[in-house]
Protein chains: 2
Amino acid sequence: MNDLQARIDKVLQQATRTALAYAQRTLEERSAFLSAIAEELEKRSDVLIDTAAGETHLAPERLRTELQRTQWQLYSYGQACREGDWLDIRIDIPDGAGTENPGNGDAPSWTVHRRQNDLRKMLLPLGPVVVFGASNFPFAYSTAGGDTACALAAGCPVIVKAHPAHAATSRLVAEAVQESARRLGLPEGVFQHVEGGFDEGQALVLHPHTRAVGFTGSLEGGRALFDLAQQRPVPIPVFAEMGSVNPVFLLPEGLAADAEGFAKQFLQSVTGSAGQFCTKPGLLVGIDSPALDSFREYLSENIGLVPPQEMLHPGIAKAFQHKRADALAVESVAVAGTLSCPVGRNDSIPTLAETDAAAFLANPVLHHEVFGPFALLVRCADGGELLSVAEALEGQITCTLVATTDELRHCPQLITALQARCGRFIRNGVPTGVEVVPAMMHGGPYPATTDSRFTAVGADGIRRFARPVCYQNWENELLPAELQNENPLGIWRTVNGVLSRDALGNN
Amino acid sequence: MNDLQARIDKVLQQATRTALAYAQRTLEERSAFLSAIAEELEKRSDVLIDTAAGETHLAPERLRTELQRTQWQLYSYGQACREGDWLDIRIDIPDGAGTENPGNGDAPSWTVHRRQNDLRKMLLPLGPVVVFGASNFPFAYSTAGGDTACALAAGCPVIVKAHPAHAATSRLVAEAVQESARRLGLPEGVFQHVEGGFDEGQALVLHPHTRAVGFTGSLEGGRALFDLAQQRPVPIPVFAEMGSVNPVFLLPEGLAADAEGFAKQFLQSVTGSAGQFCTKPGLLVGIDSPALDSFREYLSENIGLVPPQEMLHPGIAKAFQHKRADALAVESVAVAGTLSCPVGRNDSIPTLAETDAAAFLANPVLHHEVFGPFALLVRCADGGELLSVAEALEGQITCTLVATTDELRHCPQLITALQARCGRFIRNGVPTGVEVVPAMMHGGPYPATTDSRFTAVGADGIRRFARPVCYQNWENELLPAELQNENPLGIWRTVNGVLSRDALGNN
């Protein structure tokens, strides 16, 4: 074991010791912990925003909004944790009556089951979770961000691998989390902060005590961690959110209703925060029409007026410049609008490119995300070409349709094709602006994420870090409170097939 | 593309065409399909049982019970499909009021969120699912078994790779499924049956149109398919249930309450169906005491009286003989009871072996499953040794505790250790006899399965094959019925944080 491995081993040993103690904290205590973190962040908000602005070049007002969103995540996932719906409690107990339809003595024998055992199932924490924060959201998807909030709500200790591009911010947030733990008398190992690079990340993912991984970042980074985790002697779940092209399909009548209005919205959505959002719309697909001309005209004329902005870090800027150049190098791809002034070496270059459907279909390089303020407009001759473009796409976090109701009634194939490829399906709007509510789905088929069955945003994300355990024929007093007859926590439970918040015997 | 790949490609092309049509069938139609399969199995029950008995050497009465269980699975998962709780519907709509606590104007700003968008989320099918049946359950975990029932309920077309050890049975079951599809006017590709060996299996898992895999079988087989699936350019979920040692911990007072009664139950549980159950208790761990002596004495004297039985197929018999020999070859492991008569070359040899805690801890070979009628009794000097054995174990489908309530009050560490290692935690009973109800958990930490977050038994297993999609700002008429304002299907939905079966506006 070398020095690095010894250091990581110490972290995981501590997390594992803590895991048992923390898993036994009540839902109420976990919820209070999440609220306390939100409060500690509030106390430090000015220094947090200053530090993050310095490290990420994001605007302070944008960071203030993000910090508030992060606090809301902590608070609202804590509320969800306490309410307990996410535990998916199922209780089946012998009831004498089986599931027979009373009054139907002719029911085939296989439709009747007499319950034999007292079986009670709920979700329990997986154990230590390693979280890799995102460069583009120093608060909401990083140290005390969504993955951390979900894992803590699930009852798992968290080890954050700090993003090197905002290590000072990460350290300050970590202190806020650790102070919250101290205030509530939680064991120190409930949250640990590790700084370093790829080697530290690899050692964390490979450590046998690590039970799950949350990641937000690039496809290359996410896939590398996924592969490491799946090739372990004991594979572990990895939820990696790896970005997306977020295609937007513009049907003529829908677009014509307000071509300039949509153009304004999309200009903002493509270029806001230098296009450094995983839901930035990077692909705009339309059918040749006067409305598409107006839309294109507005965007191409105005995108060059958006001031350049220093990107998150030099690596992101370099990747943006390379990927932008690769797209523009494709024959039949032209620049429709961009900056004409010179920019700094780490600055974004807001760009609208354009091409036709044939070129798009022939060049897979155009299907990949260009992270930054870049969008490609694909002009299609007709609905058939538009459908071909849709069917050529990989998995996406979002797909968007700008269309009238009547247009949609006439394109079921397009709807089917897009729905099969995304986690969130948007009508007449922009994909940026991820709302933190239970109905949100922030995920999608690969390569958007490594597991389309889970979400990174909303309290359903807690389930990524928990697993069901069924207790068979246990005494009431030895069961977790969540499963006891009296339902002391007032949780919704499915009892002999019926959802209820009642005590057993009263439903 | 070689011949085999071309054949598999044709299967997946058909499944993919069908996927779109089948996904649009209503929950009611899917439910009717599952019930129809149960009916078609009933019509063929005699020939099915005869054929399976010939192929697997399992007793006809055992197969009849299994067939009935298979029908119950189809029926009850169909009912669950229709009721729709599994869709995990969440609806968040702007309500003007946000989530503010009325009457608490002092609430911190981050505890308030005003919903911006109309967001509605439900689970949709993943697409074509490949199912690998188990050798030991020709009905319940095979062609029309649990994985198939779950995938069809989720709205996914199924491709079954028939188990070569009961190919004729599989073909007959496939005909029953296909006849049900025809009767209900479902497209042919909703269920396809592929015979062959490892090459066919590999080609099915690697085909780009395959969206998920269900597997029940050995650790070697499951891990090989898991690795193939994770190393694809587009990785896909694999739920592989790979068996277990199913340890049983016998505390002195609990055992003393009825040492011979428990011994009788465990004798049956170890040797029933020649021990060919994934929940067979293969490890019995006790503390030296007169009760343990009685328990051991009954088992050792009677296990030799259990008649040998031809095992499922020659490969299973050979593996059993090898793994049994490997365990018995360990120094300090002795035979406590076994057959004295000669047996046929493919017959089981019911065996109780015994050893002490030190030998168990020092020899990982003793931690692995011996599939067949074999159990190892580990005698511990005290509770400390017993705990060490528990903490040395891998992931399990089940763990069992035989103990009094008072004993359990005094061994929280043992409870914690076992709970962390299993999917189902049993008190004073045997692990065989998996009840098909929603509260069942049939799964567990690796190597019991490849993903401890899902179950192979019970309607929650449907979720293995579905993923959430969120519709943002869609017109009511264009939404799936499940998400429409009127709640025409009467499904439980979480609307602005509150579970309800009402139409929107009425809750």
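Owing to the predicted nature of the structure, the values given are computational and were not obtained by experimental measurement. The residue numbering used here restarts from 1 in each chain and proceeds along that chain's sequence as written. To label them, take the chains in the order written and letter them from A, then take the ligands in the order written and number them from 1. The model is predicted, so local features are restricted to residues of pLDDT at least 70 and side-chain atom pairs to those at 80 or more, both for listing and for counting; the totals for chains, interfaces and linings are taken over all residues. With hydrogens and water excluded, all non-hydrogen atoms of the structure serve as input to the side-chain values.

**Thoughts on the relation of the copies chain A and chain B**
Then, in step 1: What sets the superposition is a least-squares fit of C-alpha atoms, and only residues with pLDDT of at least 70 in both copies go into it. Expressed as a screw operation, the relation of chain A to chain B combines 0.0 Å of axial shift with a rotation of 180°, fitting to an RMSD of 0.0 Å. Look at the turn and shift together and you get a two-fold axis relating the two. For chain A, the residue whose C-alpha comes nearest the rotation axis is Gln230 of chain A, separated from it by 3.5 Å.
Then, in step 2: Throughout, a residue-residue contact means that at least one pair of heavy atoms, one from each residue, lies within 4.5 Å. A high fraction, 100%, of the interface residues of chain A reappear at the interface in chain B, so the copies pair face to face through one surface.

**Some words on the domain arrangement of chain A**
All names here are of chain A.
Then, in step 1: A domain assignment, automatic or from a database, supplies the domain bounds used here. Taken as a whole, chain A is organised into domain 1 (3–101 + 110–242 + 455–500) and domain 2 (247–427).
Then, in step 2: Residue-level contacts link 13 residues of domain 1 with 14 residues of domain 2.
Then, in step 3: Buried area is calculated as the accessible area (1.4 Å probe) missing from two parts once they are joined, with the contributions of both summed. Carbon and sulfur atoms supply 54% of the area buried between domain 1 and domain 2, which totals about 1,000 Å² over both sides.
Then, in step 4: Looking at the side of domain 1 facing domain 2, the largest losses of area belong to His57, Asn136 and Glu241, adding up to 43% of the total buried there.

**Some words on the sheet that holds strand β4 (residues 158–161) of chain B**
All names here are of chain B.
Then, in step 1: As summarised here, the arrangement of the five strands in space is β5-β4-β3-β6-β7, forming an open sheet in which the pairing is parallel. The open sheet has two edge strands with one neighbour each: β5 (191–194) and β7 (238–241). Mean inter-strand twist for the sheet, computed between neighbouring axes without regard to direction, equals 15°.
Then, in step 2: Pairing of strand β3 (residues 129–132) with strand β6 (residues 212–216) involves four bridges; the strand directions are parallel. Looking across to β6, one finds that Phe132 is bridged to Phe215.
Then, in step 3: Between N-to-C directions, angles span 0 to 180 degrees; the directions come from axes that are lines fitted to C-alpha atoms, helices contributing only their stretch in contact. The helix count covers DSSP runs of H or I at least four residues long, the strand count covers runs of E at least two residues long, and both are numbered beginning at the N terminus. Along the sheet face, helix α1 (residues 3–23) touches β4 and β5 and points at about 170° away from the line of β5.
Then, in step 4: Lying on the sheet, helix α6 (residues 167–183) is in contact with β4 and β5; it crosses β5 at an angle near 165°. Two strands make a pair as long as DSSP finds a minimum of two bridges between them.

**Side note on the packing of helix α4 (residues 60–83) of chain B against helix α5 (residues 146–154) of chain B**
When two helices pack together, their arrangement is given by the angle between their axes and by how far apart the axes lie.
Residues and elements named next belong to chain B.
Then, in step 1: Look at α4 against α5: their axes get within 10 Å of each other, and the N-to-C directions meet at 25°. With respect to α5, the element α4 is oriented roughly parallel. The interaxial crossing formed by α4 with α5 has right-handed handedness. Residues Gln73, Leu74, Tyr77 and Cys81 of α4 touch α5, and the partners they reach there are Gly146, Ala149, Cys150 and Ala153.
Then, in step 2: Note on residue categories: nonpolar means Ala, Val, Leu, Ile, Met, Phe, Trp, Tyr, Cys or Pro, charged means Asp, Glu, Lys or Arg, and polar means any other residue, Gly included. Across the contact of α4 with α5, the residue classes tally to six nonpolar, two polar and no charged. Every angle not falling under 35 degrees, over 145, or within 65 to 115 is termed oblique; those three ranges are roughly parallel, roughly antiparallel and roughly perpendicular. Left-handed describes a crossing whose near helix is turned anticlockwise from the far helix through less than a right angle; right-handed describes the clockwise counterpart.

**Points about helix α3 (residues 45–56) of chain A**
Residues and elements named next belong to chain A.
Then, in step 1: Between its terminal C-alpha atoms α3 stretches 16 Å, which fits the 16 Å expected from 12 residues at 1.5 Å a residue.
Then, in step 2: Of all the residues in α3, the buried ones are Ser45, Leu48, Ile49, Thr51, Ala52, Ala53 and Thr56.
Then, in step 3: Where α3 is buried, its residues touch α2 (27–43), α4 (60–83) and α6 (167–183).
Then, in step 4: Positive backbone phi, approximately 65°, marks His57, located one or two places after α3. Multiplying 1.5 Å by the residue count of a helix minus one yields the expected span of that helix. The buried label goes to any residue with under 20% of its type's maximum accessible area, the exposed label to any with over 50%, and the partly exposed label to all in between, with areas taken from a 1.4 Å probe on protein chains only.

**Details of the packing of helix α7 (residues 198–206) of chain A against helix α8 (residues 219–230) of chain A**
All names here are of chain A.
Then, in step 1: Two elements in contact, α7 and α8, have axes whose closest approach is 9 Å; the angle formed by their N-to-C orientations is 35°. Crossing geometry of α7 relative to α8 is assigned as right-handed. Seen from α7, the contacting residues are Phe198, Gln202, Val205 and Leu206; seen from α8, they are Leu225, Leu228 and Ala229.

**Here we look at the packing of aromatic side chains**
Then, in step 1: Note on ring pairs: Phe, Tyr and Trp rings are taken, using the six-membered ring of Trp, and paired if centres are within 6.5 Å. Classes follow the plane angle, with under 30 degrees stacked, over 60 edge-to-face and the rest tilted. Per the counting criterion, the structure on display carries 20 aromatic pairs over all chains.
Then, in step 2: Pairing Phe266 of chain B with Phe295 of chain B gives two aromatic rings, centres 6.2 Å apart and planes at 70°, and the pair type is edge-to-face. One end of the pair, Phe266 of chain B, is in helix α10 (residues 259–271); the other, Phe295 of chain B, is in helix α11 (residues 290–303), and 29 residues separate them in sequence.
Then, in step 3: Look at Phe266 of chain B and you get buried, because its relative accessible area is 0%.
Then, in step 4: Residue class for Phe295 of chain B comes out buried when judged on its relative accessible area of 0%.
Then, in step 5: Clustering of aromatic rings is evident, with ring pairs tying together Phe137, Tyr141 and Phe277 of chain A.

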